[in-house]
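The lines below spell out each chain.
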Amino acid sequence: NLDMFRECAFDIEDFGNGTVLVRSAPQYLEFGDIETSVIEMASYIAQNKSDIRSEKMDWIYHNISCRAAIKGGNISKREELIDIANKLDDDPTLRYCPHGRPVCVVLSKYELEKQFGR
């Protein structure tokens, strides 16, 4: 399954004795998330050997996107936040995170004024 990892931007080699060497990983993963991601992906693949390839790839992409997502408490640069806002404005289908939670809400003028007691 090393080819599957390569398709997901991981460069992994068999290191023997049940270990692997991770030479590179997707740049959007934090260093601390690389080991956990590889272990989770390998575990999923091992448990579902009869699944078709596309189902495995969907899970892998979902796993990577979840780990790469901006989380509460993360410090973001101003430019990054502006870029995200522009992407949301350009593509109306980008309204939910990988878990289905909304990434933005629309408030009417009435609702906004009501919140401030006006």
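The structure presented is a predicted model; accordingly, all values stated were derived computationally and were not measured. (Residues numbered from 1 in each chain as written. Predicted model: local features only at pLDDT ≥ 70, side-chain atom pairs only at ≥ 80, totals over all residues. Heavy atoms only, no water.)

Novice: Looking at this structure, I do not really get the nonpolar core. What am I missing?
Specialist: A general feature of soluble globular proteins is that nonpolar side chains tend to end up buried together. The biggest cluster of nonpolar side chains holds 11 residues, and these are Met4, Phe5, Cys8, Phe10, Ile12, Leu29, Ile34, Val38, Met41, Ile45 and Ile64. Secondary-structure elements contributing two or more residues to this core are α1 (2–7) and α2 (31–47). (Core = buried A, V, L, I, M, F, W, Y, C linked by side-chain atoms within 4.5 Å. Buried < 20%, exposed > 50% of the residue type's maximum accessible area, 1.4 Å probe, protein only. Helix = DSSP H or I, 4+ residues; strand = E, 2+ residues; numbered from the N terminus.)

Novice: What should I look at first to understand the layout of surface pockets in this one?
Specialist: Empty space among the atoms can be located by rolling a probe the size of a water molecule over them. The space that makes up the largest pocket amounts to roughly 510 Å³. Around the largest pocket sit 12 residues that line it, and Ile70, Ile84, Leu88, Tyr96 and Val103 are the ones nearest its centre. Counting residues per element, the lining of the largest pocket draws most heavily on helix α4 (residues 78–90), which supplies four residues. Its residues assigned to classes, the lining of the largest pocket shows nine nonpolar, one polar and two charged. If you add up the space inside the second largest pocket, you get close to 340 Å³. Taken together, 15 residues form the lining of the second largest pocket, with Ile12, Val20, Val22, Val38 and Ile39 sitting closest to its centre. Counting only elements with at least two residues in the lining of the second largest pocket, the list comes to α1, β2 (19–24) and α2. The element contributing the most residues to the lining of the second largest pocket is α2, with nine residues. (1 Å grid on protein atoms, 1.4 Å probe; cavity = no way out; pocket = protein on both sides within 12 Å on 5 of 7 lines; lining within 4 Å. Points joined across faces, edges and corners; volume = space filled by probe spheres on them. Nonpolar A, V, L, I, M, F, W, Y, C, P; charged D, E, K, R; others polar.)

Novice: Please clarify how the side chain of serine 37 should be interpreted in this entry.
Specialist: You can see serine 37 is positioned in helix α2. According to the relative accessible area criterion, serine 37 is buried, its value standing at 0%.

Novice: Teacher, can you tell me more about the pairing of strand β1 (residues 11–16) here?
Specialist: One face of the sheet, then the other: side chains in a regular strand alternate in exactly this way. By the bridge criterion, five bridges tie β1 to β2 in an arrangement that is antiparallel. The partner of aspartate 11 across the bridge, within β2, is serine 24. As consecutive antiparallel partners, β1 and β2 are separated by two residues, and within that stretch asparagine 17 has a phi angle of approximately 55 degrees, a positive value. (Pairing = 2+ DSSP bridges.)

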